[in-house]
Amino acid sequence: MINELLLQFAHWLEAQQYSQMLVSGYYSWNWLEATHVLTLMISIGSLFIIDFRMLGWVLPNVPATTIADRLHKPMITGFVIMFITGILLVYAKPVENVQSLWFRIKMLLLLLAFVNAWIFNAKMRAADGSWDADRVAPKPLRTGAIISLCLWCGVVAMGRFIPYDWVDCDKVSNTTLLWAAGCVEQLNAI
Amino acid sequence: MISFLSLNRRTVGLAVILLVVILLEALEVRASIYPGLLPYFEWLKNSSWLGYLGTTYGSVYATVEAGHLISMAVIGGTILATDLRLLGVLFRDIPSEIITAGTFKCFKVSLVCAIATGIFCAAGVADKVYYMEVFWIKMLTLLTGSCFMIFIKQPLLSSRPHSEINPWILRLLAVTSILIWFTVAATGRWIGFS
């Protein structure tokens, strides 16, 4: 049911004039994708520096919360640009993305990464500042940092997988995979 | 003369490198080397195990590509922290010496990872990238960036307290570094479109 609704919505988006303009314009698509990928260096770059600090791998002599506070603004700026360009990229090729297993896993990992970031932030604010100057953060924060690193590596990897066609609707016959990828027509045909 | 050279080693070294590059270009050495590189690129794609892995297993290639992107993102993070501190935009309450020294190891590790994963990615499409102008621009910028970081920026920043260095030199270092690494990343992205 949800797959049908998503596909209908994707078809509606794809029929829009601006969606077609984005995908047919060679430079508009390339600029969007390039901006989306290059902003990784600001958003994920800043995030990884914060996570690495929690693990004691970089700047161990600078208070961890100072690193997190100072890099917060560039990181959020990067993520905002990534989300805007990401939404436009999906808007340009909605049917392809809605029926991509990798895109769906990416969205799931993104959701998990944000939940983890929210918990991590809450734990960092709640913890008393006695650990702040320590070389490594307390175990719960270190765990949060490792989970964050893994989830974001997964997000980048899934983003990279999207253009590949290994599990495209017309290439798989496994019903679970077809359902997970949202291949409505192929599922109906079985 | 000797005292002048020893006092200005880095400046003289940089001038010599520039002179050599100009001479190589003027004498068309680069143009004569280029055709000779084609067999190596063909070997990399068709005969090396890197090329075999990259062309046979698409999932391995895509995973290594993701690793390349992550390495570049970490390079971006270290550049952002260091250069924005030198420009006085970020971490203004922390001495820039601490930020510079504290992120350099991370930069080196991620640079090695980016180069290693980059060689794998290039091996899979070596016969295509050889003919791409943007690929060669990226390689030259990467070489320039690595030399700039290892032989100019880092030695200068670690040689003395930053308060003793002309603030405009610090800003120039930061802007140059940002421009170089942005070009490396942007040309890398453009290889995918070519």
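Details of the structure are given in the entry above.
Chemist: Please clarify how the overall build of chain B should be interpreted in this entry.
Modeler: Helix and strand counts for chain B stand at nine helices and zero strands. For chain B, the succession of helices and strands along the chain, N to C, is α-α-α-α-α-α-α-α-α. Across its three principal directions, the C-alpha atoms of chain B cover 55 × 40 × 25 Å. Counting all 194 residues of chain B, 34% fall into the buried class. Counted over contacts in chain B with a minimum sequence separation of 6, partners at least 24 positions apart contribute 81%.

Chemist: Looking at this structure, how should I read the packing of helix H4 (residues 40-54) of chain A against helix H5 (residues 64-92) of chain A?
Modeler: The angle between the axes and the distance between the axes are what describe a pair of packed helices. Residue and element names in this part refer to chain A. For the pair H4 and H5, the least separation of the axes is 7 Å and the interaxial angle reads 155°. Taken together, the axes of H4 and H5 lie roughly antiparallel to each other. At the point where H4 passes H5, the crossing takes the left-handed sense. Across the interface between the two elements, Ile42, Ser43, Ser46, Leu47, Ile49, Ile50, Arg53 and Met54 from H4 touch Ala64, Ile67, Ala68, Leu71, Pro74, Met75, Thr77, Gly78, Phe79 and Met82 from H5. Of the residues contributing to the contact of H4 with H5, the split by class is 13 nonpolar, four polar and one charged.

Chemist: I tried to follow the interface of chain B and chain A on my own but got confused; where do I start?
Modeler: One frequent convention defines the size of an interface as the accessible area lost when the parts assemble. The interface is formed by 28 residues belonging to chain B together with 28 residues belonging to chain A. At the level of elements, helix H5 (58-86), helix H6 (96-124) and helix H9 (167-193) of chain B are the ones that each hand at least two residues to the side of chain B that touches chain A. Of the residues contributing to the side of chain B that touches chain A, the split by class is 18 nonpolar, eight polar and two charged.

Chemist: Could you clarify how one ought to interpret unusual backbone geometry in this entry?
Modeler: Generally, phi is negative for residues other than glycine and the peptide bonds are trans, each holding for most cases. In this structure, Leu59(A) is a non-glycine residue whose phi angle is positive, near 45°. By the secondary structure assignment, Leu59(A) is in the loop between H4 and H5.

Chemist: Would you take a moment to explain the nonpolar core for this structure?
Modeler: In a soluble, globular protein the nonpolar side chains are often hidden away together inside. In terms of nonpolar packing, the biggest core is built from 71 residues, with Leu40(A), Ile49(A), Ile67(A), Val156(A), Leu69(B), Ala73(B) and Ile75(B) touching the most fellow members. When residues of this core are assigned to their parent elements, the largest contribution, 13 residues, is made by H5(B). If we ignore the near neighbours within four places in the chain, the residues touching Ile49(A) are Val58(A), Ile67(A), Leu71(A), Gly77(B), Thr78(B) and Ala81(B).

Chemist: Mind showing me how you'd approach the environment of Val37(A) here?
Modeler: With respect to the helices and strands, Val37(A) occurs in helix H3 (residues 26-38). In sequence terms Val37(A) and Gly86(A) are 49 residues apart; their C-alpha atoms lie 9.5 Å from each other.

Chemist: What am I meant to see in the packing of helix H7 (residues 101-126) of chain A against helix H8 (residues 139-161) of chain A here?
Modeler: All names here are of chain A. Interaxial distance between H7 and H8 falls to 9 Å at its minimum, and their mutual angle equals 160°. Looking at the two axes, H7 sits roughly antiparallel to H8. Crossing angle aside, the handedness with which H7 passes H8 is left-handed.

Parameters at a glance
Residues numbered from 1 in each chain as written. Chains lettered and ligands numbered in written order. Predicted model: local features only at pLDDT ≥ 70, side-chain atom pairs only at ≥ 80, totals over all residues. Helix = DSSP H or I, 4+ residues; strand = E, 2+ residues; numbered from the N terminus. Buried ≥ 20, exposed ≤ 12 C-beta atoms within 10 Å, placed from the backbone. Contact = placed C-beta atoms within 7 Å. Axes fitted to C-alpha atoms, helices over the stretch in contact; angles between N-to-C directions. Parallel < 35°, antiparallel > 145°, perpendicular 65-115°, else oblique. Left-handed = near helix turned anticlockwise from the far one by under 90°. Nonpolar A, V, L, I, M, F, W, Y, C, P; charged D, E, K, R; others polar. Core = buried A, V, L, I, M, F, W, Y, C linked by C-beta atoms within 7 Å.

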